[in-house]
Amino acid sequence: MNDPAIKKKKFALTTADIAVISLSAAVITVCSWICIPTVVPFTLQTFAVFAIAGLFGMKRSVFSMLVYILLAAIGLPVLSGFKGGFDKIIGTTGGYIVGFVFIAVIVGFASDRYGRRILPLTLSMLLGLAVCYAFGTAWFMLVYARTSGAVGLGTVLGWCVLPFIIPDCIKIACAVIISNRAGRFIKG
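These numbers come from a predicted model, not from an experiment. (Residues numbered from 1 in each chain as written. Predicted model: local features only at pLDDT ≥ 70, side-chain atom pairs only at ≥ 80, totals over all residues. Heavy atoms only, no water.)

## A closer look at the environment of Ile172
Within the secondary structure, Ile172 sits in helix α8 (residues 165-182). A relative accessible area of 3% means that Ile172 is categorised as buried. Remark: the alpha-carbon pair of Ile172 and Ala51, spanning 121 residues in sequence, is separated by 8.1 Å. Contact partners of Ile172, with chain neighbours within four places excluded, come to Phe50, Met125, Leu126 and Leu129. (Helix = DSSP H or I, 4+ residues; strand = E, 2+ residues; numbered from the N terminus. Buried < 20%, exposed > 50% of the residue type's maximum accessible area, 1.4 Å probe, protein only. Contact = heavy atoms within 4.5 Å.)

## Focus on α8
Under the 1.5 Å per step criterion, the end-to-end length of α8 is 25 Å for 18 residues, consistent within 8% with the ideal 26 Å. Three or more residues of α8 are buried, namely Pro167, Asp168, Lys171, Ile172, Ala175, Val176, Ser179 and Asn180. Packing partners of the buried residues in α8 comprise β2 (42-43), α3 (45-73) and α6 (118-147). (Expected span 1.5 Å × (residues − 1).)

## Here we look at the packing of aromatic side chains
For the structure on display, the rule yields six aromatic pairs. Residues Phe102 and Phe135 carry aromatic rings whose centres are separated by 4.9 Å and whose planes lie at 65 degrees to one another, so their mutual orientation is edge-to-face. With Phe102 in helix α5 (residues 94-114) and Phe135 in helix α6, the pair connects residues that are 33 residues apart, well separated along the chain. Looking at Phe102, the relative accessible area reads 32%, which means it is partly exposed. Members of the aromatic cluster, joined through ring pairs, are Phe102, Phe135 and Trp139. (Phe/Tyr/Trp six-rings, centres within 6.5 Å; stacked < 30°, edge-to-face > 60°.)

Right, here's the structure in full:
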């Protein structure tokens, strides 16, 4: 079973993969433009990231996140507020966007390994969110320190994580339900 042709085929992209990846990047874009006005406004961007990873598995969702990040980096207005540009990706909050790749790996792996069962999806989405928060927070602190001076972890958590925990948990609950229910109609 060490045939390189089999391994190569496993990672090759089919036409269906390319279509799913393209449409997924478009869905993330549209969801990033949908802003829910609350005390701290939030978008449906992470909801799309969770749902795509839960529905399409690791390979397709990781490529979807990479395409989305590339589109943002080259300046297309795919980010919240119709923004884009390399400066947004390397800026203070860019680590949270790059963290979408970690979510895709963790949730996609769980989806591939355990199917779209509710408990593994929920746990993987919570873990993916925690990793995204950790990576994004570390990134924020490094970039902020270079541009504006040192900032404490508690302050950054107060700005970038704490206000989003409840909305993100609601998005996870919705993404789990959609992945579980709609996943029955999606092949491989």
